[in-house]
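Tertiary structure, described
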Amino acid sequence: MSTLPEPWRDDWPLADRESVSACPVCSGSARTQLLDGVVDNTFRTSPGRWTLWSCADCQSAYLDPRPSAASIHRAYRQYYTHQAPPPAASPLRRLHRRLANGYLNRRYGAREQPFSRLGEALIGGVPYLRRFEDRACRHLPPLPSGGGAVLDVGCGDGAFLALAQRSGWQVLGLEPDAQAAAVAQQQGVPVRVGGLEALADRHAAFDVITLAHVIEHVADPVATLRACHRLLKPGGQLWLETPNAAGQGLRAFGHHWRGLEAPRHLVLFTPQSLQRALADAGFERLHHPPSPSVRRWMAERSLAIQQGRLPDDTRGLPWRWRLRCWVDDLLDGPGRARGEFLTVVAHKQA
Ligand SMILES: [Zn+2]
C-alpha cells in the first residue's frame, strides 16, 4: 500500500500569508466561518491549514488568510498527478466520436475528422449528448462574417483553442505555466506565458473571452472580469466556468469536496455572487447555458479524497449517491444553477 504525502503537516510560513478582511467579491466584512483546517488533500503538494469563510452579503466563500501573491506559486509546484494512459477506444466510442465530430462540423464549422453527417441529427437531436459537445466548444457564438477572435485566459494545453482554431476563429491563449503553454504552442496555438497583464495595453480586441476554472484562482476576481470586459469588443461574449459553492457537493463532503482545492482556490462563487461580480464588472445578459452534469464525476472524486486517496483514484459510486445525483440533476434542470460547476455566458453591451 502506498503512503501518500501529507504536506499539511508543515505550516505555510506566517510571513507568506496575507489576511483578507473583506470579501474579495463584494467587499462586505460580515461573514461566518464555513470550514476550518482545510488542507490540500487534492494534489497533496501544498503545506498549510486554511479557513474558509462565507460572506454574509454575497455568499461567496473565500480563504482568510491566504498565501501572499509573492508566495502563491509554491502552491502550484509539482502537481502530484496520477495519470494512466488513456484506454484504447472501443468501436462504440469511435462511432460516438464520428457522430460528435459531425455535429461539431455542422454546428460550429469545425473540421474534425473522421466525421459522419448523421451526427447533426443523432447528437444534435439528443440534448444529453449535445451538451457535452456544446460545452467542449464553450457555447461559441456563430463566427462573425469578417472573422472573429477568441482569447482563452488560463488556456492550459490549448485543447479548446485548437478546436476554436479548426472552427475558423483567430485564437490567443494566456497561460502562466510555461510547460503547459509549450504543449499548446506545439499544436500551433499562439500562447503568451502569463496572465491578463500581458494585454494591459489592448482594448476591444476579442469577440469571445473564456475562463475555464480560472476565476477561483484569482486574488481580485472583479478586477479580472473588468480586464476581460475592457478586452471584449462591444457585443462580445464572456464564457466562464467555476466550482459552485451553492451546489450539493460542498455541503455533502465538506473538507473533502473536490472543488475546494485550498490554497489554490481563493474564492468560490454561488450563482448570486457570480452574477453580482459580473454585473459589477459591466457585463449584462447573463445566462446559464445548458451544460452536462458533473455531479457524479465530482462525487466520485470527493469520495476518493474522503477515503484518503488521490481524487482520480476512483472506485465507483455507491448506489445511494448515483440516485442522489440523478434526482438532483432532474430537479436542477440543464442550466445547472445548483450543479457542481457554474457555467455562465455574459455579454458586453453592443
Ligand atoms: Zn461578498
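Above: the structure in question.
Residues numbered from 1 in each chain as written. Predicted model: local features only at pLDDT ≥ 70, side-chain atom pairs only at ≥ 80, totals over all residues. Heavy atoms only, no water.

1. A short note on the packing of helix H1 (residues 91-108) against helix H3 (residues 127-136)
- Following both chains from N to C, one finds H1 and H3 inclined at 60°, their axes separated by 10 Å at the closest point. Relative to H3, the crossing made by H1 is right-handed. Along the contact surface, H1 presents His96, Arg97, Ala100, Tyr103, Leu104 and Tyr108, while H3 presents Leu129, Arg130, Glu133 and Asp134.
- Residue composition of the contact of H1 with H3, by class: 5 nonpolar, 1 polar and 4 charged. (Axes fitted to C-alpha atoms, helices over the stretch in contact; angles between N-to-C directions. Helix = DSSP H or I, 4+ residues; strand = E, 2+ residues; numbered from the N terminus. Left-handed = near helix turned anticlockwise from the far one by under 90°. Contact = heavy atoms within 4.5 Å. Nonpolar A, V, L, I, M, F, W, Y, C, P; charged D, E, K, R; others polar.)

2. Let's talk about the packing of aromatic side chains
- Applying the stated criterion to the full structure yields 3 aromatic pairs.
- Pairing tryptophan 12 with tryptophan 50 gives two aromatic rings, centres 5.7 Å apart and planes at 65°, and the pair type is edge-to-face. In this pair, tryptophan 12 is assigned in the segment before strand E1 (17-18) and tryptophan 50 in strand E3 (residues 50-55), connecting sequence segments 38 residues apart.
- A relative accessible area of 1% places tryptophan 12 in the buried class.
- Relative to phenylalanine 132, the ring of tyrosine 128 has its centre 5.5 Å away and its plane inclined at 75°; by these criteria the two rings are edge-to-face. One end of the pair is tyrosine 128 and the other is phenylalanine 132, both in helix H3 and 4 residues apart, which spans about a single turn.
- Note on tyrosine 128: relative accessible area 57%, which makes it exposed. (Phe/Tyr/Trp six-rings, centres within 6.5 Å; stacked < 30°, edge-to-face > 60°. Buried < 20%, exposed > 50% of the residue type's maximum accessible area, 1.4 Å probe, protein only.)

3. Quick word on H1
- Taking 1.5 Å of rise per residue, 18 residues should cover 26 Å, and H1 covers 25 Å from first to last C-alpha, within 8% of that figure.
- Residues of H1 that are buried: Leu99, Ala100, Asn101, Gly102, Tyr103, Leu104, Asn105 and Tyr108.
- If you follow the buried residues of H1, they end up packed against helix H2 (119-122), H3 and helix H4 (159-166).
- Positioned one or two residues after H1, glycine 109 has a phi angle of 70°, which is positive. (Expected span 1.5 Å × (residues − 1).)

4. Details of the coordination of the zinc ion
- Bound to the zinc ion are the protein donor atoms Cys23 (SG), Cys26 (SG), Cys55 (SG) and Cys58 (SG), situated 2.3 Å from the metal.
- Considering all 4 donor atoms around the zinc ion, angles at the metal cover 101 to 114° and the coordination shape is tetrahedral.
- On the primary sequence, the residues serving as donors to the zinc ion are separated as C-x2-C-x28-C-x2-C. With a gap of 29 residues between them, cysteine 26 in the loop between E1 and strand E2 (31-38) and cysteine 55 in strand E3 connect regions that are remote in the sequence.
- For cysteine 26, a relative accessible area of 15% puts it in the buried group. (Donors = N, O, S within 2.8 Å, 3.2 Å for Na, K, Ca; no water. Tetrahedral: all angles 85-135°; square planar, octahedral: opposite > 155°, others 65-115°.)

5. A short note on the nonpolar core
- The biggest cluster of nonpolar side chains holds 65 residues, and the ones touching the most others in it are Leu151, Phe206, Ile209, Leu225, Leu238 and Phe283.
- The greatest single-element share of this core, amounting to 5 residues, is contributed by helix H6 (residues 221-231).
- The residues contacting phenylalanine 283, other than those within four sequence positions of it, are Leu225, Cys228, His229, Leu232, Leu238, Leu278, Ala346, His347 and Lys348.
- Grouped together as the second largest cluster of nonpolar side chains are 22 residues, Cys155, Leu161, Val171 and Val191 included. (Core = buried A, V, L, I, M, F, W, Y, C linked by side-chain atoms within 4.5 Å.)

Keep in mind these values describe shape, not function.
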